[in-house]
Amino acid sequence: MILINKSNNKVPSFFEGLFTENRLDTANCENFSMPAVNISEKNTNFVIEIVIPGISKDNVAIEVEENILRVSSQTSSEVPTEESIKFLRKDFDFKNFERKFTLPKTIDTENINATHKDGILSISLPKKVEEKAVKKMVEIS
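If you're wondering where the values come from, they're calculated on a predicted model, not measured in any experiment. (Residues numbered from 1 in each chain as written. Predicted model: local features only at pLDDT ≥ 70, side-chain atom pairs only at ≥ 80, totals over all residues. Heavy atoms only, no water.)

By way of backbone hydrogen bonds, the strands of a sheet pair with one another, either parallel or antiparallel. In space, the 3 strands of this open sheet follow the order S3-S4-S5, with antiparallel pairing throughout. Since the sheet does not close on itself, it has two edges, and those belong to strand S3 (60-65) and strand S5 (97-102), each with one partner. Shown here is a sheet whose adjacent strand axes are inclined to one another by a mean of 15°, direction ignored. As paired elements, S3 and strand S4 (residues 68-73) share 6 bridges and run antiparallel to each other. (Pairing = 2+ DSSP bridges. Helix = DSSP H or I, 4+ residues; strand = E, 2+ residues; numbered from the N terminus. Axes fitted to C-alpha atoms, helices over the stretch in contact; angles between N-to-C directions.)

This is the structure we're talking about:
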C-alpha cells in the first residue's frame, strides 16, 4: 500500500509534499507518544479524560502525591510472533506514557475515582465541600 497525497490544485506544485503538515511526521516519530487530554469543570467536580486506545485498565496507574496527579502506563512491547508487522503510518502508540497534573487545593483527593471505557480513561476529581459560615443569633440577656 502506498500513501497518496491528493491535492485540489489543478497545477501540481514543486513544493507539494515537500513540507509535511505535522513536523513530527517523520520516520522516527513512532517513538513519540503523548495521549490527548480533555479537562472540564462542573459545579461539583473536575473531569480529566485521557485517550488511551488499546491500553488495558490493568496497565494504567493513577497516583496522587501531595497536589500532583500522576497518570502513567507501562506495557511490554511484545513483537508479534506470527508475522512481522511493518507500519506504513503509525499515529498512535501509547504503550508507555506519563502525564502529571497539578491539582488545586479545592480537590477532595480521598474521593477521586476513575473509569475506563472505549479507550477513554475518565478521572473524576471531586471538589471539597466548602463549609459555609453559619449565621448565629446571639440572644441579649
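Our next topic: the environment of Asn38. When you line up the elements, Asn38 lands in strand S1 (residues 37-41). Measuring from C-alpha to C-alpha, the distance between Asn38 and Val51 comes to 8.7 Å, with 13 residues separating the pair along the chain. When residues no more than four places from it in sequence are discounted, the contact partners of Asn38 are Val47, Ile48 and Glu49. (Contact = heavy atoms within 4.5 Å.)

Moving on: the packing of aromatic side chains. By the definition in use, this model includes 0 aromatic pairs. Across the ring face of Phe46, the terminal group of Lys127 is positioned such that the distance to the ring centre comes to 5.1 Å. (Phe/Tyr/Trp six-rings, centres within 6.5 Å; stacked < 30°, edge-to-face > 60°. Lys NZ or Arg CZ within 6 Å of the ring centre and 35° of its normal.)

Moving on, we come to unusual backbone geometry. For Glu66, which is not glycine, the phi torsion reads 55° and is therefore positive. As for its placement among the helices and strands, Glu66 is situated in the loop between S3 and S4. Of note in this structure, Asp118 is not a glycine but carries a positive phi near 55°. Tracing the backbone through its elements, the reader meets Asp118 in the loop between strand S6 (113-117) and strand S7 (120-126). For Asp118, a relative accessible area of 71% puts it in the exposed group. (Buried < 20%, exposed > 50% of the residue type's maximum accessible area, 1.4 Å probe, protein only.)

It is worth spelling out the pattern of salt bridges at this point. On inspection of all chains with the given rule, the structure shows 4 salt bridges. The salt bridge involving Arg70 is made with Glu98; its shortest N-O contact spans 2.5 Å. Placement of the pair is Arg70 in strand S4 and Glu98 in strand S5, with a sequence separation of 28 residues. Here Arg70 falls in the partly exposed class, since its relative accessible area comes to 25%. The partner of Glu98 in a salt bridge is Lys100, with the nearest N and O atoms 3.9 Å apart. Three or more residues joined by partner-sharing salt bridges are found here, namely Glu63, Arg70, Glu98 and Lys100. (Salt bridge = Lys/Arg side-chain N within 4 Å of Asp/Glu carboxyl O.)

Taken by themselves, the reported measurements are silent on function.
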